[in-house]
Amino acid sequence: MQSFRTEIENPVVQKDILELERKIHEFHGGKLDEEKFRSLRLARGVYGQRQEGVQMIRIKLPYGKVTSKQLHRIADVSDEYSRGRLHITTRQDIQIHYVDLNRTPELWAELEKDDVTLREACGNTVRNVTASETAGIDVDEPFDVSPYADALFKYFLRNPISQEMGRKFKVSFSASDADTGLSYMHDLGFIAKIENGVKGFKVMLGGGLGSQPRHADVLFEFLATDKIIPLMEQVVRVFDRYGERKSRAKARMKFLLKDIGLDGFKALLQDQQKAIPFHTYPIDADNYPEVVVANIAVPEVEISNTDAFEKWKSTNLVPQKQKGFVAIGIKVLLGDFYTDKARLLADLVQKYAAGELRLSLRQNILIPYVKEELVPFFYLELEKLGFTEAGYNKALDITACPGTDTCNLGIASSTGIAEELERVIKKEYPQYISNADVVIKISGCMNACGQHNMANIGFQGMSVRTKDKLVAPALQVLLGGGNIGNGEGRFADKVVKVPSRRGPEALRIILDDYDANGGDLSYSDYYSEKGEHYFYDLLKHLTDVDNLTAEDFIDWGTTEKYKKEIGIGECAGVVIDLIATLLFESQEKIENAEAFLAEDKWAASIYYSYTSMVNSAKALLTAEKVKVNTHNGIIKDFQEKFVVAGKLDIAGGFDTKVFQINENEPTAEFAKSYLADAKEFLSAVADFRKLELATV
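Rules used throughout
Residues numbered from 1 in each chain as written. Predicted model: local features only at pLDDT ≥ 70, side-chain atom pairs only at ≥ 80, totals over all residues. Heavy atoms only, no water. Helix = DSSP H or I, 4+ residues; strand = E, 2+ residues; numbered from the N terminus. Rg over C-alpha atoms; globule rule 2.2 N^0.38 Å. Buried < 20%, exposed > 50% of the residue type's maximum accessible area, 1.4 Å probe, protein only. Areas by Shrake-Rupley, 256 points an atom, 1.4 Å probe, with all protein chains shown as cover. Axes fitted to C-alpha atoms, helices over the stretch in contact; angles between N-to-C directions. Parallel < 35°, antiparallel > 145°, perpendicular 65-115°, else oblique. Left-handed = near helix turned anticlockwise from the far one by under 90°. Contact = heavy atoms within 4.5 Å. Pairing = 2+ DSSP bridges.

Visitor: Sorry, what's going on with the overall build of the protein here?
Guide: The helix and strand inventory of the protein stands at 21 helices and 22 strands. Compactness check: the protein gives a C-alpha radius of gyration of 26 Å against a globular reference of 26 Å for 696 residues, within 12% of the reference. Taken along its principal axes, the extent of the C-alpha atoms in the protein is 80 × 70 × 55 Å. By the burial criterion, 59% of the 696 residues in the protein qualify as buried. Counting every atom, the protein has about 28,400 Å² of accessible surface; 49% of that belongs to carbon and sulfur.

Visitor: Would you mind showing me how to read the packing of helix 4 (residues 68-81) against helix 5 (residues 104-112) here?
Guide: When two helices pack together, you describe them by how their axes are tilted relative to each other and by the distance separating the axes. Following both chains from N to C, one finds helix 4 and helix 5 inclined at 160 degrees, their axes separated by 9 Å at the closest point. Put simply, helix 4 runs roughly antiparallel to helix 5. Crossing of helix 4 against helix 5: the hand is right-handed. Judged by residue contacts, R73, I74, V77 and Y81 of helix 4 engage E106, L107, E110 and L111 from helix 5.

Visitor: Teacher, can you tell me more about the sheet that holds strand 4 (residues 85-88) here?
Guide: As a general point, the strands of a sheet are linked pairwise by backbone hydrogen bonds and lie either parallel or antiparallel. Overall, antiparallel pairing links the five strands, which are arranged 1-2-5-4-13 in an open sheet. Two strands in the sheet have a free side with no partner beyond their single neighbour: strand 1 (46-48) and strand 13 (336-338). Pairs of neighbouring strands in the sheet enclose a mean axial angle of 35 degrees, with direction left out of account. Note that strand 4 and strand 13 share three bridges and pair antiparallel. Among the inter-strand pairings, R85 is bridged to a residue of strand 13, identified as Y338.

Here you go:
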């Protein structure tokens, strides 16, 4: 595995990849705890999948932008290390599956040759920064949000403050008040605005989906662009310190907001004012890479099936604010496409458009900067690839997560039922192929990766038990969700639970009712007018499980009898000293603090010193079987149980020493003294632990 060590020019990236390789060896050798290894590999885009012994790799593509060159690289990597299938996620990433863990470092190294990263694509980190796929071309946008999404992505990549949070942190940018970036369901959402000639954003805070969806609060009606990165740094620091860590079910930002309220959160933001390294952070949007459109003669073509062409144009062309251009939407069934087509698509846009694609939140592909006169040519070329199905971003365009195909947490098939529902719409409801007003989304479990609870019509994978204790796959039917715009949205109501095989019939009943009675109302407004009880009565007869047939026990897309299997483990097969591991990590954080100090990156050094002290305190509290839920709780509990109790003498108190981070600006002098404090504290904790073990 020597090759990638010499081919990566960026030493930071090289160090990252070598560390992953080293940790894999430590894990296999029984020197690294399974939970710690899981945390490390997830932060590097390596995710365990349902099938034992293989991994899912998530490739991070900020705001869904991928160049032709990068798509070629991703296709090559998928062919070499996976099975040639690419899966577009609802966060504008690409996933590949069935990868050997031991080959992930070299896979990552191959991707980095074209500036594609896995770093922080999974795990308790700042996840992929998403944005409206029409950013830069949107006819309604006040300005292009792409440079701002790009700057934020780069600022937080490998940033010490966002490496080991209690849970993931999701950010979105919306190009206009249409809020196609779905700000209301994100930890931080930014909607582009201009006030008095100044570019800025409406800022939404604390939204989320999952089993308990929460609508984000308005944090700022308007915040200038040079303030968004300092604000997010404050928000992430607060979340890192006060967010829940023990119970994953309560560890998202939305629960912290629920507990302390918006005003309480704002007060904690103020406490971070001195600690952040920048109070303004201007983003040079003018130096964002300029779009270069291919200048090529228009090939002469002849369309044989003009009806199909006109139908496709009516649903798959997206207006563009640049005169003479349109964007072409490619409807990608379930977000899955293959490397042979990916390469041909990359070549097509390189030669005839602007050499880039945008992946969408609905698992599709958008080709921007297509000259209007080239549309017939593109249609014929895309037809050869099977990429001219009508219905881009319409009712037929169903979003679905991988579900039980590959995900550990999948309860019922989401891809199988999605394919069947699309078949039903095409055959029985062709008018919905061009209907943009009905949004259908499906998730294989409550975690809402398919965003089912913000859909007009949503389905969530579940199971149902009969009187005879037999278990069958089921679907929770959710209705009435939707994006209103400008930071406002509705979450769908859970109406009924039906056996999965009755999902198509449920859809027929819902659409028939809407066709008969909906009139001019949007589906979301129609649902609000009728109410949950109306739809419960409409669908109630489908919930009966006393008359299930043999087919009802076979999930969509499978031939075998259903088994409810959730969370198949990844067994390390070793026993390790967790306390020793925590203290070893504290030493690694000290080393990181020293490295950043040597580079004059004082804020980063200070934060690693801070996390080292908290981690060391956590080690001793864990040994005492004290709950270690939040950083703030760890600091307070250690002060009480070790310092006040007289077990450890910490001059001035542990809490005072640690919270210096809030009282000092990030200077070289403070970084040096704070690092010295962290070293001294780790030494004291290590000595205490040795003495404790010696007396056992």
